[in-house]
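# Structural features, examined
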Amino acid sequence: MAESLKDATSKPLLVVMAANVAVFYAAVQTGALFSGDWLALLRNWAEALPGGLGIVLTGIVNAQLTSEAKARLVFWRWRDPLPGCEAFSRHAGSDSRIDLTAIERAHGPLPTDPKQQNALWYRLYRLVGGEPAVTQVHRSFLFARDYTCISALILIVLGPIGLFEIPSLRTALIYIAMLGTQYIVARQAARNHGCRFVTTVLALSGARAA
């Protein structure tokens, strides 16, 4: 199921990367953002080669990152970064749908250790992972998480290239600020979806155990 969900997010992520190349290309060609004669720009497509190579590199690096590495970029925690590591100590208390008493009655005392929390949460996920509500929020989390990682890598790769390739320094700085904003917005969306993913699994598990 996880593989099929990842496949479902691949096309939207390709669109994200293509849009980033297009913006970079426009900035390099015109010294401005979102302006200019696009037909004329296409005639000089080779100028976008550094940005295109940067996007390819970004996609390759993103594919090598583990789930924990990606979670670090989303939740800004080095140790135990996966959202399930705070399933009971933090997330469960923020959602009134969750019946912790029923979960504890069915699965024993609720753990406080982060790794044990994640292990129990994952066991619960395996029981309710096929539910449409879980599938939907899981897909949203995977997309936003990978978008966050890609946007961080684009910032690291295309930001410095933009300083050298974009003819206007002002535009280059605005472009880098846009890349930073893209990362922050994607990161917040991924964090929200990740927390919702955890609590939705807990809510359905509690309802089943009640």
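Note: the structure precedes this text.
Description of the structure in this document. (Residues numbered from 1 in each chain as written. Predicted model: local features only at pLDDT ≥ 70, side-chain atom pairs only at ≥ 80, totals over all residues. Heavy atoms only, no water.)

### Some words on the overall build of the protein
The helix and strand inventory of the protein stands at 9 helices and 0 strands. Listed N to C, the secondary structure of the protein is α-α-α-α-α-α-α-α-α in terms of helices and strands. Looking at the protein residue by residue over its 210 residues, the buried ones come to 43%. Relative to all contacts within the protein whose residues are 6 or more apart in sequence, the contacts with residues 24 or more apart total 75%. With an accessible surface of roughly 11000 Å², the protein has 62% of that area assigned to carbon and sulfur atoms. (Helix = DSSP H or I, 4+ residues; strand = E, 2+ residues; numbered from the N terminus. Buried < 20%, exposed > 50% of the residue type's maximum accessible area, 1.4 Å probe, protein only. Contact = heavy atoms within 4.5 Å. Areas by Shrake-Rupley, 256 points an atom, 1.4 Å probe, with all protein chains shown as cover.)

### A short note on the pattern of salt bridges
Applying the stated criterion across every chain, the model contains 9 salt bridges. The shortest N-O distance in the salt bridge between Arg90 and Glu86 comes to 3.4 Å. The partner of Asp146 in a salt bridge is Arg145, with the nearest N and O atoms 3.2 Å apart. In terms of burial, Asp146 and Arg145 fall into one category: buried. Here the salt bridges do not stand alone but share partners, grouping Lys70, Arg145 and Asp146 into one network. (Salt bridge = Lys/Arg side-chain N within 4 Å of Asp/Glu carboxyl O.)

### Description of unusual backbone geometry
Even without being a glycine, Trp76 presents a positive backbone phi close to 55°. Phi is positive for Asp80, which is not a glycine, with a value near 50°. With respect to the element layout, Asp80 can be found in the loop between α4 (67-75) and α5 (87-91). A relative accessible area of 18% places Asp80 in the buried class.

So yeah, pure geometry; function would need other evidence.
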